[in-house]
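Analysis of the macromolecular model
Now for the letters of each chain:
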Amino acid sequence: MTTHLLTAADLDREEALLILDTAQQMAEAMTGREVRKLPTLRGRTVVNLFFEDSTRTRVSFETAAKRLSADVVNFSAKGSSVSKGESLKDTALTLQAMGADAVVVRHQACGAAHRLTQWIDGSVINAGDGTHQHPTQALLDAFTIRQHFGRIEGLRVGIVGDILHSRVARSNVDLLHELGAEVVLVAPPTLLPVGVDSWSARVSYDLDAVLPECDALMMLRVQRERMNASYFPSVREYARRYGLDSMRMGALPDESIVLHPGPMIRGMEIAAEVADSSKSMIVDQVANGIYIRMAVLYLLLSSKKGEAA
Ligand code: CP
């Protein structure tokens, strides 16, 4: 792997499979161990730099780094000198001076992770930059799909909902296409970005028509915090057209699975009985996120300066 992980599009098939296979080894190494810790990154420092809220990504990067014995520094913009006006650059330089080997960054601005690489000597991992990319989410989704089906090639994956504001959708389209899946994007026209026709995915406005052909269905949260206008008439109308309820789940193939990156709004994009059903992989996604992030940290940090794992 290269020095940073900024977008899923940067990963070719070989690199993506290396991460998935390494994550599988991490999962196996953790299973049945009394002490769930490997000495691999002892003496390394991982900084979690979060300018946007997060539950899953922040906690799972922290857990992953600790399981590899790295020192972890958690930085949240809330309560820091960012609230006094300190810039991203000065925050980055401060962390650099403290000896960060890797910086995991989430920021509301597209391109923030890439910008950080110009100021930081260590590895930068994009944990979500605006509506742009969230590569480790796509990797954990691909891992979860492969865990269930034993493959990704030839599968059909539906991604449903607020595609316009979704870095998860963008990252998944890039990665799943690279790994040989066919992706179908399903959304109202108002929640599709300009230029979506050039993405490596088919587009549909009709969820009911797409359901019977999906091996995996990924429901997305409507990101109201990024909306400055009304994109659909009401929550009720959105749920009626694009929500996954029990009736719709019944139209999916028997072996199919349901995914959601979280946080989910039960009753809007996904009904509670679907989220809690046997088809739901939502909890597995969270667990697999730790293995994927262990793999990414290991591959980025252990290959630097010839230092052994
Ligand atoms: N999937 C995801 O990025 O969740 P968080 O916002 O909780 O990190």
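The sections below set out a description of the structure shown in this document. (Residues numbered from 1 in each chain as written. Predicted model: local features only at pLDDT ≥ 70, side-chain atom pairs only at ≥ 80, totals over all residues. Heavy atoms only, no water.)

This part takes up the site of the ligand. Around the ligand lies a shell formed by Ser54, Thr55, Arg56, Thr57, Arg106, His134, Gln137, Pro261 and Gly262. Interatomic distance of 3.0 Å between a side-chain N/O atom of Gln137 and a nitrogen atom of the ligand. Backbone polar atom of Pro261 to a nitrogen atom of the ligand: 2.8 Å apart, as the coordinates give it. When the ligand sits alone it has 250 Å² of accessible area, and the protein chains cover 92% of it. Partitioning the shell around the ligand into residue classes produces 1 nonpolar, 6 polar and 2 charged. (Near = heavy atom within 4 Å. Polar contact = N/O pair within 3.5 Å; in protein donor to acceptor, adjacent residues only side chain to side chain. Areas by Shrake-Rupley, 256 points an atom, 1.4 Å probe, with all protein chains shown as cover. Nonpolar A, V, L, I, M, F, W, Y, C, P; charged D, E, K, R; others polar.)

With that out of the way, let us pick up the pairing of strand β1 (residues 45–50). Burial of β1 is extensive: 6 of the 6 residues sit out of reach of the surface. Residues Thr45, Val47 and Leu49 point to one face of β1 and Val46, Asn48 and Phe50 to the other, with burial holding for every one of them. Note that β1 and strand β2 (residues 71–76) share 6 bridges and pair parallel. Bridge pairing in β2 places Asn48 opposite Asn74. Each parallel crossover has a hand, and the one from β1 via helix α2 (residues 56–67) to β2 is right-handed. (Buried < 20%, exposed > 50% of the residue type's maximum accessible area, 1.4 Å probe, protein only. Helix = DSSP H or I, 4+ residues; strand = E, 2+ residues; numbered from the N terminus. Pairing = 2+ DSSP bridges. Right-handed = clockwise from strand over helix to strand, strands pointing away.)

In this section: the pattern of salt bridges. In this structure the tally under the stated criterion is 13 salt bridges. Ionic pairing is found between Arg146 and Asp21, a salt bridge with its closest N-O pair at 3.0 Å. Taken together, the residues span a long stretch of sequence, with Arg146 in helix α5 (residues 135–149) and Asp21 in helix α1 (residues 13–30) at a distance of 125 residues. Between Lys66 and Glu62 there is a salt bridge, with the nearest N and O atoms lying 2.7 Å from each other. Highlighted residues: Lys66 and Glu62, both in helix α2, separated by 4 residues, approximately one helical turn. By relative accessible area, Glu62 is classed as buried at 17%. (Salt bridge = Lys/Arg side-chain N within 4 Å of Asp/Glu carboxyl O.)

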